[in-house]
Amino acid sequence: MAYKTIEGNLESKGLKFAIVVSRFNSLITSRLLEGALDALRRTGCAEQDITVVRVPGSWEMPVVARELALADQYDAVICLSAVIRGETPHFDYVAGEAAKGLGQIPLQTGIPVVFGVLTTNNVEQALDRAGIKNGNKGFDAAMTAVEMANLMRQLRSIK
Ligand code: INI
């Protein structure tokens, strides 16, 4: 007997998304947001099905993403920020807590939370990943959100 494959498609018509975006490093994060919006629009998502929530920095993302996941309004939450290594250990605390906090939310809520958080050594590396040289990680994060939202719908419809 042929095996069964389950995977999410890349159509976002009828799905709802929340995008959490940080103001910190806004030169980078505004580009990540543009990339994410481009991906959602191009996969068919209606403008009124997209909610953008702005937060001060990566540190503040988990509590806000959790609230959105619990709201029962969104098929996926997309988190966009950039943590850039400086001279102090601040980077490790902020990046570490953001990753740890965001990682727990899908497990607690069943709503996919996509980690569109850049962690780079300098601004140039971040810009490269925000539409300059190495693609746009905001676009990639939104495509992952679309796939995961569809996958979760399929898994929930299995009888
Ligand atoms: N927040 C970021 O999103 N990226 C950073 O690189 C960063 N650095 O390096 O400090 C950063 N700090 C702010 C932090 O997220 C909080 O907003 C702040 O500590 C207030 O709680």
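Structure first, text after, so check above.
Let me begin by describing the structure that accompanies this report.

1. Regarding the nonpolar core
Within the largest apolar cluster, 27 residues are counted, with the highest numbers of intra-cluster contacts made by F17, I19, I28, L40, I78 and L80. Only β1 (17-22), α1 (26-42), β3 (76-84), β4 (113-120) and α5 (137-157) provide two or more residues apiece to this core. Setting aside its immediate chain neighbours within four residues, L40 contacts S12, F17, I19, C45, I50, I78, A142 and V146. Among the nonpolar cores identified, the runner-up in size contains 19 residues, and F91, L102, I111 and V117 belong to it.

2. Quick word on the side chain of S12
Considering the arrangement of structural elements, one finds S12 in the segment before β1. A polar side-chain atom of S12 sits 2.6 Å from a polar atom in the side chain of T43. Discounting chain neighbours no more than four positions away, the residues touching S12 are F17, L40, T43, G44, C45 and V146.

3. Comments concerning the site of the ligand
Contacts to the ligand come from F24, N25, G57, S58, W59, E60, A82, V83, I84, H90 and V94. Measuring from an oxygen atom of the ligand, one finds a side-chain N or O atom of S58 at 2.6 Å. Protein contacts shield 76% of the accessible area of the ligand, which totals 460 Å² for the unbound molecule. Those elements that provide at least two residues to the shell around the ligand are β3 and α3 (90-109).

About the cut-offs
- Residues numbered from 1 in each chain as written.
- Predicted model: local features only at pLDDT ≥ 70, side-chain atom pairs only at ≥ 80, totals over all residues.
- Heavy atoms only, no water.
- Core = buried A, V, L, I, M, F, W, Y, C linked by side-chain atoms within 4.5 Å.
- Buried < 20%, exposed > 50% of the residue type's maximum accessible area, 1.4 Å probe, protein only.
- Helix = DSSP H or I, 4+ residues; strand = E, 2+ residues; numbered from the N terminus.
- Contact = heavy atoms within 4.5 Å.
- Polar contact = N/O pair within 3.5 Å; in protein donor to acceptor, adjacent residues only side chain to side chain.
- Near = heavy atom within 4 Å.
- Areas by Shrake-Rupley, 256 points an atom, 1.4 Å probe, with all protein chains shown as cover.

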